[in-house]
Amino acid sequence: MGTIIWREEWKRPYESIWSVIENIKISNSISGSDLIHYLNDNKTDKTRSVRNVNKLSEEALDKLKELTNIDFLAIKNTMLKLSKLERNNPLHYFHTHLCYCEKCIHHNYHSYLHQYKLIDVCPFHVTKLQTKCKDCKKDIYHYNIAQAIPFTCKCGYQLYQTIDEPTWRNLSTFEPVLNISIKHDNYTLSENLQECYQ
Ligand SMILES: [Zn+2]
Ligand SMILES: [Zn+2]
């Protein structure tokens, strides 16, 4: 992979690593396997090749940062801060199947906050989140970077028809603004986010 088309302003606040990666694939017409190949090319031990977007090594996150100038490690650290209540398994606070907002996904946008178990509405649109594929009615496991068509369920159902859309148009028309605040014991989500999201 030579150069990559990516503008820093395309990364939106609270955006999930998955969402950014899907948009990188769309704006560059590259496949998930190409991206994985690139992220793993320095590894001699191919069995360590990682495909799960939430389990990328710091090295892989650094490579993504080199490509895009986006601080992927910071996104991951924000997620970890949100789950500081659970020390042993921080990702326990996030759903493993996809939870998404239909309005957000129309802007090629998905947030890690949609995955956060303490919220069941979109924190930007305050509408109920979708938790199943509308076609096969199953959970959508979305973490495999190798998924051929971005924003798509395993069954082939596209959450949004992105293929013929100019990505930059979608990316630039939506700025997520937090519309909820969650109090959980001594812990307030909106304050916590303002503190860790720069
Ligand atoms: Zn939304
Ligand atoms: Zn499906």
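Keep in mind it's a predicted model, so treat the numbers as computed, not measured. (Residues numbered from 1 in each chain as written. Chains lettered and ligands numbered in written order. Predicted model: local features only at pLDDT ≥ 70, side-chain atom pairs only at ≥ 80, totals over all residues. Heavy atoms only, no water.)

## Some points on the packing of helix H3 (residues 58-68) against helix H4 (residues 72-82)
Relative to each other, H3 and H4 sit at 130°, their axes nearing to 8 Å. When the axes of H3 and H4 are compared, the pair comes out oblique. Residues Glu58, Leu61, Leu64, Lys65 and Thr68 of H3 form the contact with H4, whose participating residues are Phe72, Leu73 and Lys76. (Axes fitted to C-alpha atoms, helices over the stretch in contact; angles between N-to-C directions. Helix = DSSP H or I, 4+ residues; strand = E, 2+ residues; numbered from the N terminus. Parallel < 35°, antiparallel > 145°, perpendicular 65-115°, else oblique. Contact = heavy atoms within 4.5 Å.)

## Description of the layout of surface pockets
Volume-wise, the second largest pocket comes out at about 160 Å³. The wall of the second largest pocket is formed by Cys136, Lys138, Asp139, Tyr141, His142, Tyr143, Asn144, Gln147, Cys153 and Lys154. For the lining of the second largest pocket, the residue count by class is 4 nonpolar, 3 polar and 3 charged. (1 Å grid on protein atoms, 1.4 Å probe; cavity = no way out; pocket = protein on both sides within 12 Å on 5 of 7 lines; lining within 4 Å. Points joined across faces, edges and corners; volume = space filled by probe spheres on them. Nonpolar A, V, L, I, M, F, W, Y, C, P; charged D, E, K, R; others polar.)

## Regarding the nonpolar core
Residues Ile21, Leu56, Phe72, Tyr112, Phe124 and Ile145 are the most contacted members of the largest nonpolar core, which totals 54 residues. Looking at this core, the elements that each hand over two or more residues are helix H1 (17-28), helix H2 (32-39), H3, H4, helix H5 (102-105) and helix H6 (112-115). The leading source of residues in this core is H1, at 6 residues. (Core = buried A, V, L, I, M, F, W, Y, C linked by side-chain atoms within 4.5 Å. Buried < 20%, exposed > 50% of the residue type's maximum accessible area, 1.4 Å probe, protein only.)

## Some details on empty space enclosed by the protein
Here the structure, examined in full by the defined rule, presents 2 cavities of 30 Å³ or more. Each pocket or cavity is described by its volume, and for the largest cavity that value is around 40 Å³. Every residue along the wall of the largest cavity is listed here: Ser16, Ile17, Trp18, Val53, Asn54, Met79, His110, Tyr112, Gln115, His142 and Tyr143. Elements with a minimum of two residues in the lining of the largest cavity: H1 and H6. Residues of the lining of the largest cavity, tallied by class, amount to 6 nonpolar, 5 polar and no charged.

## Examining the environment of Phe72
On the secondary structure map, Phe72 appears in helix H4. Residues Phe72 and Glu58, spaced 14 residues apart in sequence, show a C-alpha to C-alpha distance of 8.9 Å.

## Overview of the coordination of the zinc ion (ligand 1)
For a metal with four tetrahedral donors the ideal donor-metal-donor angle is 109.5 degrees, whereas six octahedral donors ideally subtend 90 or 180 degrees. Donor atoms from the polypeptide that bind the zinc ion (ligand 1) are Cys101 (SG), Cys104 (SG), Cys122 (SG) and His125 (ND1), placed at 2.0 to 2.3 Å. Coordination at the zinc ion (ligand 1) is tetrahedral, judged from the 4 donor atoms that bind it and the angles of 105 to 113° they form at the metal. Counting gaps between the donor residues of the zinc ion (ligand 1) yields the pattern C-x2-C-x17-C-x2-H. Judged by its relative accessible area of 0%, Cys122 falls in the buried class. His125 sits in the partly exposed class, given a relative accessible area of 26%. (Donors = N, O, S within 2.8 Å, 3.2 Å for Na, K, Ca; no water. Tetrahedral: all angles 85-135°; square planar, octahedral: opposite > 155°, others 65-115°.)

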